[in-house]
Amino acid sequence: MSIRAKLAWTFILLLIFGITAISSYSILFIRNFLLSEGEKQIINDTRWLAITIQNLRSDEDFETNLNEIASASGYHLAIYDENGIIYAEVPYHETSVASRQLQSGLRDHFVRDGTLIVADHINDDQLVAYVLLQPIHNAAAYLKVSIRKELIYEPIKTIRWIIYTGMFISIGLVLLVSITFARSITLPILQLEKAARDISDGNTDQNLNLDRSDEIGTLAKSLNRMADRLRTDNLELKRLYQKQNQFFADITHEIRNPLHTIAGSLEMLKMNNLDEALKEKYILTAERQTQRINRLFKDLVTLQRFDSDDQFIQKESFDIQKIVTYVRETVEPEAHEKGLHLKADVDPYNVIGDPDKIEQVLENLLTNAIKFTSGGSIVINTREDNDNVIVEVTDTGIGISEEHLDRLFDRFYRTDKARSRDKGGTGLGLSVVKSILDAHGSTVHVESKQGKGSRFWFSLPKA
Ligand code: ADP
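Calculation rules
- Each chain carries its own residue numbering, running from 1 in the direction its sequence is written.
- Given that this is a predicted model, residues contribute local features only at a pLDDT of at least 70 and side-chain atom pairs are listed and counted only at 80 or more, while totals for whole chains, interfaces and linings are drawn from all residues.
- Heavy atoms throughout the structure, all of them, feed into the side-chain values; hydrogens and water do not.
- Nine residue types can take part in a nonpolar core, namely buried Ala, Val, Leu, Ile, Met, Phe, Trp, Tyr and Cys, and a core is a set of them joined through side-chain atoms within 4.5 Å.
- Note on exposure labels: buried denotes an accessible area under 20% of the residue type's maximum, exposed denotes more than 50%, and partly exposed covers the range between, all computed with a 1.4 Å probe on protein chains only.
- A run of DSSP states H or I qualifies as a helix once it reaches four residues; a run of E qualifies as a strand once it reaches two. Both are numbered from the N-terminal end.
- We call two residues contacting when some pair of their heavy atoms lies within 4.5 Å.
- Whether two strands pair comes down to DSSP finding at least two bridges between them.
- Where helices are involved, their axes are fitted lines through C-alpha atoms of the stretch in contact, as for all axes, and angles between N-to-C directions lie from 0 to 180°.
- Throughout, the edges of the domains are those of an automatic or database domain assignment.
- By buried area we mean the combined loss of accessible area, with a 1.4 Å probe, across both parts when two parts are placed together.
- Salt-bridge detection follows one rule: a side-chain nitrogen of Lys or Arg within 4 Å of a carboxyl oxygen of Asp or Glu.
- Nitrogen and oxygen atoms within 3.5 Å of one another constitute a polar contact, given that in protein one can donate a hydrogen and the other can accept it, and given that sequence-neighbouring residues count only through two side-chain atoms.
- For a helix, the expected span equals 1.5 Å multiplied by the number of residues minus one.
- To obtain the bend at a residue, axes are fitted to the seven residues ending there and to the seven starting there, and the angle between these axes is taken.
- Pairing of aromatic rings covers Phe, Tyr and Trp, the last counted by its six-membered ring, and requires centre-to-centre distances within 6.5 Å; plane angles under 30 degrees mean stacked, over 60 mean edge-to-face, and any other angle means tilted.
- When the NZ atom of lysine or the CZ atom of arginine is within 6 Å of a ring's centre and also within 35 degrees of its normal, the charge is said to sit over that ring.
- Every angle not falling under 35 degrees, over 145, or within 65 to 115 is termed oblique; those three ranges are roughly parallel, roughly antiparallel and roughly perpendicular.
- Two helices cross in a left-handed way if the nearer one is turned anticlockwise from the farther one by less than a right angle. They cross in a right-handed way if the turn is clockwise.
- The classification used treats Ala, Val, Leu, Ile, Met, Phe, Trp, Tyr, Cys and Pro as nonpolar, Asp, Glu, Lys and Arg as charged, and all other residues, Gly among them, as polar.

Would you explain the nonpolar core in this entry?
Soluble globular proteins tend to bury their nonpolar side chains together. Ranked by size, the top nonpolar core spans 48 residues in total, and within it Ile320, Leu362, Phe456 and Phe458 carry the most contacts. Among the elements that line this core, the one with the most residues is helix 9 (residues 355-371), at seven residues. Ignoring sequence-local partners within four residues, the contact set of Ile320 consists of Val346, Asp347, Tyr349, Val351, Ile358, Thr382, Val391 and Leu460. Among the nonpolar cores identified, the runner-up in size contains 29 residues, and Leu56, Leu127, Leu133 and Leu143 belong to it.

I would appreciate a short explanation of the sheet that holds strand 9 (residues 377-385) in the present structure.
Strand pairs in the sheet, formed through backbone hydrogen bonds, run parallel or antiparallel to each other. Taken together, five strands build an open sheet; the order of strands is 7-9-10-12-11 and the sheet is mixed. In this open sheet, the two edge strands, each paired with only one partner strand, are strand 7 (341-345) and strand 11 (445-449). Adjacent strand axes in the sheet meet at a mean angle of 15°, parallel and antiparallel pairs treated alike. Where strand 10 (residues 388-395) lies against strand 12 (residues 453-461), seven bridges are found, and the strand directions are antiparallel.

Would you mind showing me how to read the domain arrangement of the chain here?
Per the domain assignment, the segments of the chain are domain 1 (3-157), domain 2 (204-306) and domain 3 (310-461). Using C-alpha coordinates to define each centre, domain 2 is positioned 23 Å away from domain 3. Taken together, the contacts link 15 residues of domain 2 with 18 residues of domain 3. Of the roughly 1,600 Å² buried at the junction of domain 2 and domain 3 (both faces included), carbon and sulfur atoms supply 62%. Area buried by domain 2 at its contact with domain 3 is led by Asp299, Leu303 and Phe306, which between them contribute 35% of it. Here domain 2 is connected to domain 3 by one salt bridge. Counting every contact that joins domain 2 to domain 3 gives one residue pair in polar contact (both at pLDDT 80 or more).

Before we go on, may I ask you to explain helix 8 (residues 320-337) in this structure?
Because each turn of an α-helix spans 3.6 residues, side chains separated by three or four positions end up pointing in the same direction. Compared with an ideal rise of 1.5 Å per residue, which puts 18 residues at 26 Å, helix 8 spans 26 Å between its outermost C-alpha atoms and is within 8% of the ideal. At Val331, helix 8 shows its largest kink, close to 45°, and the proline Pro333 lies no more than four residues downstream. Within helix 8, burial applies to Ile320, Ile323, Val324, Val327, Val331 and Ala335. Backbone geometry just downstream of helix 8 places Gly339 in the positive-phi region, at approximately 70°.

What is the right way to read the pairing of strand 4 (residues 126-132) from this model?
The element strand 4 is extensively covered by neighbouring structure, given that five of its seven residues are classed as buried. In this structure, strand 4 lies alongside strand 5 (residues 142-148), joined through seven bridges in antiparallel fashion. Pairing of Ala129 across the sheet is with Val145, part of strand 5.

Is there a simple way to think about the pattern of salt bridges in this case?
Close approach of charged atoms allows side chains with opposite charge to pair. Counted under the stated rule, the structure contains 21 salt bridges. Residues Arg455 and Glu447 are paired through a salt bridge, measuring 3.2 Å at the closest nitrogen-oxygen approach. For Glu447, a relative accessible area of 43% gives the class partly exposed.

Explain the packing of aromatic side chains here, please?
Remark: the centre distance and the inter-plane angle together describe each pair of aromatic rings, the angle taken between the planes. In total, this model carries five aromatic pairs according to the counting rule given. With a centroid separation of 6.5 Å and an interplanar angle of 55°, the aromatic rings of Phe247 and Phe248 are classed as tilted. With a centroid separation of 5.9 Å and an interplanar angle of 70°, the aromatic rings of Phe306 and Phe312 are classed as edge-to-face. Phe306 sits in the partly exposed class, given a relative accessible area of 25%. Given the relative accessible area of 3%, Phe312 is considered buried. Lying over the aromatic face of Phe312, Lys357 brings its terminal NZ or CZ to 5.3 Å of the ring centre.

Would you mind going over the packing of helix 5 (residues 154-200) against helix 6 (residues 215-269) with me for this structure?
The geometry of a pair of packed helices is captured by two quantities: the angle between their axes and the separation between those axes. Where helix 5 meets helix 6, the closest approach of the two axes is 11 Å, and the angle between their N-to-C directions is 15°. The angle between helix 5 and helix 6 falls in the class roughly parallel. Relative to helix 6, helix 5 is oriented so that their crossing is left-handed. Of the residues in helix 6, those in contact with Ile185, Pro188, Ile189, Leu192, Ala195, Ala196 and Ile199 of helix 5 are Ile216, Leu219, Ala220, Leu223, Met226, Ala227 and Leu230. When its residues are assigned to classes, the contact of helix 5 with helix 6 shows 14 nonpolar, no polar and no charged.

Would you take a moment to explain the pairing of strand 12 for this structure?
Side-chain positions along a regular strand alternate between the two faces of the sheet. Within strand 12, seven of the nine residues are buried, which leaves the element mostly enclosed by the surrounding structure. Pairing of strand 11 with strand 12 involves five bridges; the strand directions are antiparallel. In the strand pairing of strand 12, Lys449 is matched with Gly453. Where strand 11 folds back on strand 12, the antiparallel hairpin that results is connected by three residues, among which Gly451 adopts a positive phi of roughly 85°.

Just to check I follow, could you spell out unusual backbone geometry for this structure?
Peptide bonds are mostly trans, and most non-glycine residues show a negative phi. Cis peptide bonds are those with omega within 30 degrees of zero, and the linkage from Val90 to Pro91 qualifies with -20°. If you check the backbone angles, Asn386 has positive phi at about 50° while not being a glycine. Among the structural elements, Asn386 can be located in the loop between strand 9 and strand 10. With relative accessibility at 67%, the residue Asn386 sits in the exposed group.

Set out below in structure tokens:
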């Protein structure tokens, strides 16, 4: 059974139960009230009836007068003589011989105190009163006044009719109200149920618009928030999935290229009549490509560790000047080979960071600077900025146009793919720099002008 039907039935059953209980109690109460009023009435009436009947003359008008008294009072009257035998009865009933005589027990009772007796037993269908007469002009000795309880209860019929009519009208109204009310409660629940079903089916684009400030409104808002969250999570998952696919495609591509070159070099080396100079050239090419694959894997491991290892960075206090000097010496031959002037203007500062990782950052920035500069100079310098030390690498190279700057630190992003590969680049150098500095809570910045040169810088806190 639907919630709507359950609610409607609950209201109706509660109402029927309530009205039946109240009306039964009221009718019972009114019946008792009418009966006790009837008892008082019959006792009072019996007194004046006794006085009237005592004064009746025993002539031919006796019966007629008695009839008038009975019809005026609305009671059934029975008069008995001294011996308890029926003397007159109005209105007349064909009754058994036994009831035409007053019970002897009753007579004894009258003789003793002459009081009235009201017989009112639950099973009796009559209210009865007896009185001992002191007749003046007739032979009547006892008077029995009775009335059917049915007549006393007469007003209840009307009251019951009013109650039942009221009950049916109320049931009709309740039916109408409860159906409307149940509908107003269940309609939003059905909407919520549909929205929840849609969300579970993966349709998170809908937005439930229930303008309510009650619990249902709160539930709708929670459902909307849930759908929003799922929508964002789905988009993020899609984005990550695409990114991962792209990443694998890039790795495959990056490995396939040097492998092809190595395979080609080996093919050439297999030739018997290859002169020594060419042999040397192909061996060197194969070696360079192997180094490139090596570098690629090294960078990939760094990035993977950055993604998954909380212990990726081991911070300590170290002298930035020492690290810069060491890296400068490492890359010096490359710069020298290209006729570049490599200058370090660095003061001895103690900073906080992972010296090995900062060494890798500087090495990547310097090798890039050397790679993309064909003439001029490369300068590494440090300067203080409040509690931090800023490390800068400036070159007078080819520079980077504005449109590339946003994506420069993305994995495998290059401004010129062919040129980068030519120079043995993996396309991961700057993303490794970014990951390492992110893990330090620092940021790498770039400023560049095409044809003029570039400046990369980052800061580390002083120890
Ligand atoms: P790569 O292995 O290609 O050097 P990186 O991530 O280190 O990969 O650099 C990404 C790209 O950024 C390079 O391919 C190059 O186009 C550009 N780039 C990086 N450093 C410089 C620089 N100093 N001058 C000019 N372009 C640079």
